[in-house]
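# Coordinate analysis (summary)
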Amino acid sequence: LSRRLFIGTVATAAIAASVPAHAADPVKLRISTPAVEADWHAKMLPVFKQELEKAAPGQFDVEIHLNGTLFKQGTEPAAMQRGNLEMAMISAFDISKQVPEWSIFTAGYLLRNPDHQMKVFGSDVGQEMYRLVEDKMGIKILDVGYLGTRQLNLRTEKEVKTPADLAGVKLRMPGSDTWLFLGKALGANPLPVAFGEIYTALQTGAIDGQDNPLPTVRAAKFYEVTKQIVLTDHLVDAIFLSMAGSTWKKLDDKQKAAVVNAAKAAVRFNNENRIKEETELADFFKAQGLKVYKPDVEAFRTQVQKTYLESDLSKAWPKGMVDRINAIK
Ligand code: KDO
């Protein structure tokens, strides 16, 4: 722009025609996540960067920040809303702090499997719920990725069959009310600990266990400091690749399409790899000396569903939404 100011109007038109509009000024996109490098939702970010560069060469400058080093876990939405961060992968738990309707997606045993999750978010339910996030938070959800199905991972040896067996078990959960609610619904004593501190907390015995999808238990090496995995399948979890509304608004239509398509490619990479790995990991953990088994999943499902439906959280859920979600096949 400054160059143009020095040149006459005729020359300006020539320059404007020959230089691509965005060449001088790439849009910076810093992505912050607590994910560790070996996990699929971290590995999908270079895919996002590459796809975006292919579709819009030189127009974006994507910076990937892992391990919660740029922003602490759970603080990303506020950072995006204040204009301090362009992109993050946020959870339904993060969103429900500001949009209580969203606590429906924090409820255990609602979404049935990854396929159901993709169909729900691809349906009018997803569109309506995404719009709430845009309207109330000023955050644009680009796409949803499958984070995996959460399982219990304990350093204790006692077998867990039902929620009653978790009485007194110090179960680490991420630090927010809706996460702690899930831990309690499972029958445990939930304790808030940031993701990056789980390994040490398990090692020192500050906590008895944690819950995460199996690919994350592998990627963050929690199997090194735990003795068993209880396959409760209690939450089909999601991660929402999102952009600050202030950044989104600055993009032209072509750039918006390039960003959404790159997000889709990244999420596809994550989902394919994660789903495949999830089916293979029980054997890996057994080979590492852990016990891996199914508890009485029906007992967990019954208690958890009842706890959510009778809670104050469910009062904020849009009317008829549970039935609409259940009806999606
Ligand atoms: C976790 O802290 O247990 C969690 O799985 C919660 C997710 O919402 C997400 O923040 C995830 O950690 C991180 O991306 C690390 O994998």
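Just above, that's the structure.
Residues numbered from 1 in each chain as written. Predicted model: local features only at pLDDT ≥ 70, side-chain atom pairs only at ≥ 80, totals over all residues. Heavy atoms only, no water.

### Here we look at the side chain of Ser-103
Note on placement: Ser-103 falls in the loop between α5 (92–96) and α6 (114–122). The buried category is assigned to Ser-103, whose relative accessible area is 1%. Here the side chain of Ser-103 touches Trp-317 through a polar contact of 2.8 Å, side chain to side chain. Not counting residues up to four positions away in its chain, the partners in contact with Ser-103 are Ser-96, Thr-178, Leu-313 and Trp-317. (Helix = DSSP H or I, 4+ residues; strand = E, 2+ residues; numbered from the N terminus. Buried < 20%, exposed > 50% of the residue type's maximum accessible area, 1.4 Å probe, protein only. Polar contact = N/O pair within 3.5 Å; in protein donor to acceptor, adjacent residues only side chain to side chain. Contact = heavy atoms within 4.5 Å.)

### Topic: unusual backbone geometry
One non-glycine residue, Asn-67, lies in the positive phi region at around 60°. Along the polypeptide, Asn-67 turns up in the loop between β2 (60–65) and α4 (76–81). Phi is positive for Asp-233, which is not a glycine, with a value near 55°. Examined against the element boundaries, Asp-233 turns out to sit in strand β8 (residues 228–244).

### Focus on the site of the ligand
Looking at the ligand, there are 14 residues lining it, with His-41, Gln-73, Arg-150, Arg-172 and Asn-212 nearest. One of the side-chain N or O atoms of His-41 is found 2.7 Å from an oxygen atom in the ligand. Contact distances for the ligand include 2.8 Å between an oxygen atom and a side-chain N or O atom of Arg-150. Here the ligand has 370 Å² of accessible area as a free molecule, and 97% of this is covered by the chains. When its residues are assigned to classes, the shell around the ligand shows 7 nonpolar, 5 polar and 2 charged. (Near = heavy atom within 4 Å. Areas by Shrake-Rupley, 256 points an atom, 1.4 Å probe, with all protein chains shown as cover. Nonpolar A, V, L, I, M, F, W, Y, C, P; charged D, E, K, R; others polar.)

### Remarks on the packing of helix α3 (residues 40–55) against helix α12 (residues 253–287)
At a closest axis distance of 8 Å, the pairing of α3 and α12 adopts a crossing angle of 150°. Taken together, the axis directions place α3 and α12 in an arrangement best described as roughly antiparallel. The two elements α3 and α12 meet at a crossing, and its hand is right-handed. Each of Trp-40, His-41, Lys-43, Met-44, Val-47, Phe-48, Glu-51, Leu-52 and Ala-55 in α3 lies in contact with α12, whose residues at this interface are Ala-258, Val-259, Ala-262, Ala-263, Ala-265, Ala-266, Val-267, Phe-269, Asn-270, Asn-273, Arg-274 and Glu-277. Partitioned by chemical class, the residues of the contact of α3 with α12 number 14 nonpolar, 3 polar and 4 charged. (Axes fitted to C-alpha atoms, helices over the stretch in contact; angles between N-to-C directions. Parallel < 35°, antiparallel > 145°, perpendicular 65-115°, else oblique. Left-handed = near helix turned anticlockwise from the far one by under 90°.)

### Digging into the pairing of β8
Taking burial as the measure, the 17 residues of β8 include 16 buried ones, the bulk of the element. With 4 bridges joining them, strand β3 (residues 87–90) and β8 adopt antiparallel strand pairing. Paired with Ala-88 across the two strands is Ser-242, which belongs to β8. As paired elements, strand β4 (residues 139–154) and β8 share 13 bridges and run antiparallel to each other. Bridge pairing links Tyr-146 to Ala-238 in β8. As judged from the 3 bridges shared by β8 and strand β9 (residues 291–293), these two strands associate in the parallel manner. (Pairing = 2+ DSSP bridges.)

### Things to note about α6
When we look at burial in α6, the residues that qualify are Pro-114, His-116, Gln-117, Val-120 and Phe-121. Axial view of α6: buried residues confined to an arc of 160°, hence all on one face. Those residues of α6 that are buried lie in contact with α7 (124–137), β4, β8, α12 and α14 (321–327). (Arc of directions from axis to C-beta.)

### Comments concerning the environment of Val-36
The residue Val-36 is located in the loop between β1 (27–32) and α3 in this model. In this structure Val-36 comes out as buried when scored by relative accessible area, which is 18%. With 180 residues separating them along the chain, Val-36 and Thr-216 place their C-alpha atoms 8.5 Å apart. When residues no more than four places from it in sequence are discounted, the contact partners of Val-36 are Ala-42, Asn-67, Phe-195, Ala-219 and Ala-220.

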